[in-house]
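For reference, the chains in residue letters:
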Amino acid sequence: MPIYNKLVRDLIPGIIEKDSKTCVTYILDDSQYITEVNKKVHEELAEYEGAISSDDAVEELADLLELIYAAAKFHGVTVGELEAVRAEKAVERGSFEERIFLVEVEDD
């Protein structure tokens, strides 16, 4: 079971029930699942962009990372395999740590 589904099914409903509320849940099929993961990525990215403090930003980054892990698993790769792809691309193309901003590319 994907980690995010487990969180939604097991933790969030419990929190809702503690507030004396009820909720309705169901298990998504593959198409629905990846669609909802993608929607949630956009939502969490917007929350990250709107974060006021570094603590808030880190919380939102953690949420994004959880969704990235879920999407990677959906696409058949482990977190380790995803990290290997990221690291390989960083070696081949560089990373954002250097803070180099590409303005444009001109044809010679």
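As a starting point, this report considers the structure included with it. (Residues numbered from 1 in each chain as written. Predicted model: local features only at pLDDT ≥ 70, side-chain atom pairs only at ≥ 80, totals over all residues. Heavy atoms only, no water.)

Some details on the overall build of the chain
Regarding its fold elements, the chain presents four helices and zero strands. Helices (α) and strands (β) of the chain occur, in sequence order from the N terminus, as α-α-α-α. A globule of 108 residues ought to have a C-alpha radius of gyration of about 13 Å, yet the chain, at 18 Å, is considerably larger. Projected onto the principal axes, the alpha-carbon positions of the chain cover approximately 65 × 35 × 25 Å. When the accessible surface of the chain is split by element, carbon and sulfur atoms take 56% of a total near 9100 Å². The averaged location of the 26 negative side-chain charges in the chain is 8 Å from the averaged location of its 11 positive side-chain charges. (Helix = DSSP H or I, 4+ residues; strand = E, 2+ residues; numbered from the N terminus. Rg over C-alpha atoms; globule rule 2.2 N^0.38 Å. Areas by Shrake-Rupley, 256 points an atom, 1.4 Å probe, with all protein chains shown as cover. Lys, Arg positive; Asp, Glu negative; His and termini not counted. Charge placed at Lys NZ, Arg CZ, Asp CG, Glu CD.)

Details of the pattern of salt bridges
Under the criterion given, the structure shown has four salt bridges. Lysine 40 is the salt-bridge partner of glutamate 44, the closest N and O atoms lying 3.5 Å from each other. Residue glutamate 44 and its partner lysine 40 are located together in helix α2 (residues 30-49), separated by four residues, close to a single helical turn. Here the salt bridges do not stand alone but share partners, grouping Lys40, Glu43 and Glu44 into one network. (Salt bridge = Lys/Arg side-chain N within 4 Å of Asp/Glu carboxyl O.)

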